[in-house]
Amino acid sequence: MQSHPDDRGGTVPGWHAGLGMAAAGAMAASFPIHFGRQPTPVRTADYASRTTLGDVFPERLQPLVETTTDLSDRFRSAGHTLYLVGGSVRDAIVSEPNRAVADGERDLDFTTDARPDAIEAVVSGWADSVWTQGKRFGTIGCRRGDQKYEITTHRAEAYRPDSRKPEVAFGDRVEDDLARRDFTINAMALRLPELELIDPFDGLHDLSVRRLRTPLDPEVSFADDPLRMLRAARFIAKLDMEPVPGLVEAVRAGHDRLAIVSSERIRDELDKIMVVDVPSVALWFVVRTGLADEFLPELPGLALEQDPIHRHKDVLAHTLAVVDKTSNDRLLRLAALFHDVGKPKTRAFVDGGVTFHHHEVVGARMTRHRMQALRYPNEEVETVTELVNLHLRFHTYRLGWTDRAVRRYVRDAGPLLDRLNELTRCDCTTRNANKARALGRRMDELEARIDDLRQQEELDAIRPDLDGSQVMDELGLTPGRDVGRALGFLLDLRMDEGPMDENEARNRLREWWATQS
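What counts, and where the lines are drawn
- Residues numbered from 1 in each chain as written.
- Predicted model: local features only at pLDDT ≥ 70, side-chain atom pairs only at ≥ 80, totals over all residues.
- Heavy atoms only, no water.
- Phe/Tyr/Trp six-rings, centres within 6.5 Å; stacked < 30°, edge-to-face > 60°.
- Helix = DSSP H or I, 4+ residues; strand = E, 2+ residues; numbered from the N terminus.
- Lys NZ or Arg CZ within 6 Å of the ring centre and 35° of its normal.
- Buried < 20%, exposed > 50% of the residue type's maximum accessible area, 1.4 Å probe, protein only.
- Axes fitted to C-alpha atoms, helices over the stretch in contact; angles between N-to-C directions.
- Parallel < 35°, antiparallel > 145°, perpendicular 65-115°, else oblique.
- Left-handed = near helix turned anticlockwise from the far one by under 90°.
- Contact = heavy atoms within 4.5 Å.
- Nonpolar A, V, L, I, M, F, W, Y, C, P; charged D, E, K, R; others polar.

Let's talk about the packing of aromatic side chains
Reasoning step 1: Across all of its chains, the model carries five aromatic pairs by this definition.
Reasoning step 2: For the pair Phe489 and Trp512, a centre-to-centre distance of 5.0 Å together with 10° between the ring planes defines the contact as stacked. With Phe489 in helix 23 (residues 481–497) and Trp512 in helix 24 (residues 502–514), this residue pair connects regions lying 23 residues apart in the sequence.
Reasoning step 3: Considering the side-chain rings of Trp512 and Trp513, the 5.9 Å spacing of their centres and the 40° angle between planes classify their relative orientation as tilted.
Reasoning step 4: An aromatic cluster is defined as three or more aromatic residues linked by ring pairs; in this entry it consists of Phe110, Trp126 and Tyr149.
Reasoning step 5: Here the guanidinium or amino end of Arg234 rests over the ring plane of Phe235, the centre of that ring lying 4.8 Å away.

See below:
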């Protein structure tokens, strides 16, 4: 396990293999600001000195300057200071030149000494639209052209122990505002238009060595907003960072505080985790610290099971490997995350072996329950649940892909076909090269058969060759259960034998009806 110096002179053990400091030297070299001291824990308002960037990052910051000049001039004219804060500053430093911000690509966050009424007055008449839903928390939002802006009065906020809502107190100093930010890498501000970097907690240095710390003691920062514990997992994965030991211990000790955070906020943070390049880094963190117990208990539950099919990994390790293999499709990755959650409840020992019969059915029910608890939209719940339910469907066709089998597979998958095929491919994490190749060949064969049939039939819209009105006309029926039975027969016929003309369909329908009592 790798290690590096921590902020107290010791070392920080590597959180996981691959999150090392190999690139730290190269990154640090890109920051020409001199650091005269190592960061120390902040116990008072003994803030670091300000650093005026001047021409240090002209190319990298030029898009930000161009996007914010009009706004900063208006605040200056009104006698107020304006600072760009948060991820916009961080990303301006670590992004490629000229990609710090693109028009409309992301919202820009600002903080100011102006109170909410003054902010609203400054942007009114300049912005195309203004919204004030967050005004009581000090935030005014606005849009000019394609760019959105959120401007917030300097503040210090904290959650009461039993509350989901923050208490807000406005302040006059940007340093006090930055002290309440989640992590040092986000506790930097650029005063506009001077490009004066305000970095009281050495966030720039932490970026250069890929270290994740909180501005204040982590217990204090996480008490202010417990969601920051989950956000830590995202930054560890997204920015390839190492958390300091005190941060990890604070999550382990206080993960139960996540219970006061709304399900919607937790869901949104989980969604952001699922679209980082390697989600498993964040997911391992939430499991090992106990954080997953609070919002996704099915995940650590998988660590108890050994998967006899994927002998080199337990079910949890297999699941996270599948998540990493899938493309950056949020709903597909959620399906990968949930695809084996039914295994613990379906495990059975038979003839010296272990089975998980129908774990896809049980897992689909569990997926629906968990996603509804996290307040996912119904359409997304249905998509992910159906992918979990169908993820073993491919393996039911072991004797080859007849036309009938292909039609049924495509009809069952419906609009989820491409996602289902990718999930099936990614579900193979075996180290046995022969098994992996065999699965790949079978998937290739299926996709080739689908393409062949698509050229011959309307494969993506399989339906009976007669509609309900034609069935009632042919059999002399009125609307009711028998019409549904007849349409079911015609659909099975279509699956088994492919499309047929109307006359043939009517003849086969009459023959079937004659056999019905």
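As for unusual backbone geometry
Reasoning step 1: Cis rather than trans, the peptide bond between Leu192 and Pro193 has omega equal to 5°.
Reasoning step 2: Inspection of the secondary structure assignment puts Pro193 in the loop between strand 11 (189–192) and strand 12 (196–198).
Reasoning step 3: Unlike most non-glycine residues, Asp240 shows phi in positive territory, near 60°.
Reasoning step 4: With respect to the element layout, Asp240 can be found in the loop between helix 8 (227–238) and strand 14 (242–243).
Reasoning step 5: Residue classification places Asp240 among the partly exposed positions, given a relative accessible area of 22%.

Brief notes about the packing of helix 17 (residues 359–373) against helix 18 (residues 378–390)
Packed helices, taken two at a time, are described by the angle between their axes plus the distance between the axes.
Reasoning step 1: At a minimum axis distance of 8 Å, the contact between helix 17 and helix 18 shows a crossing angle of 160°. Taken together, the axes of helix 17 and helix 18 lie roughly antiparallel to each other. Crossing geometry of helix 17 relative to helix 18 is assigned as right-handed. Judged by residue contacts, Glu360, Val361, Gly363, Ala364, Thr367, Arg368, Met371 and Gln372 of helix 17 engage Glu380, Val381, Glu382, Val384, Thr385, Val388 and Asn389 from helix 18.
Reasoning step 2: Of the residues in the contact of helix 17 with helix 18, the class split is six nonpolar, five polar and four charged.

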